[in-house]
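Summary of the model geometry
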Amino acid sequence: MKLTILAVAATSVAAFQAPQVPKIDLGKAAQAGAVAGALAFGLTSPAFAGNVENGEIIFNANCGACHVGGQNVIMPEKTLEKEAL
């Protein structure tokens, strides 16, 4: 009987203890933040509206496959011609 009471008491205490919080390695977190910042701001040059060369490069790399000649392969009625915009 004493053993049963001791077992119940031990499991009850274990059930009401605060959960363990994982420890965060601040060095790794800082490194990840630095890498994310470098990717977001340092590796690409911004394309401004007046910079035609960058705009053409970005358009050809990202949009050119579907918008050949200002048309639209996916939705033919939605073109990039001035009249449609």
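Owing to the predicted nature of the structure, the values given are computational and were not obtained by experimental measurement.

**With respect to the overall build of the protein**
The helix and strand inventory of the protein stands at three helices and zero strands. Across the protein, helices and strands are ordered from the amino to the carboxyl terminus as α-α-α. Here the protein, with 85 residues, has 7% of them falling under the buried criterion. About 7700 Å² of surface is accessible on the protein, with carbon and sulfur atoms providing 68% of the total.

**With respect to the side chain of Thr79**
Mapped onto the elements of the fold, Thr79 is located in the segment after helix H3 (52-62). Overall, the relative accessible area of 13% leaves Thr79 in the buried class. Contacts of Thr79, omitting those with residues within four sequence positions, involve Gly70, Gln71, Ala84 and Leu85.

**Concerning the state of the cysteines**
Scanning all chains against the criterion turns up zero disulfides. Its sulfur unpaired, Cys66 is 8.5 Å from the next cysteine sulfur, which belongs to Cys63. Using a relative accessible area of 32% as the deciding quantity, one classes Cys66 as partly exposed.

Here is what the cut-offs are and how they apply
Residues numbered from 1 in each chain as written. Predicted model: local features only at pLDDT ≥ 70, side-chain atom pairs only at ≥ 80, totals over all residues. Heavy atoms only, no water. Helix = DSSP H or I, 4+ residues; strand = E, 2+ residues; numbered from the N terminus. Buried < 20%, exposed > 50% of the residue type's maximum accessible area, 1.4 Å probe, protein only. Areas by Shrake-Rupley, 256 points an atom, 1.4 Å probe, with all protein chains shown as cover. Contact = heavy atoms within 4.5 Å. Disulfide = S-S within 2.5 Å.

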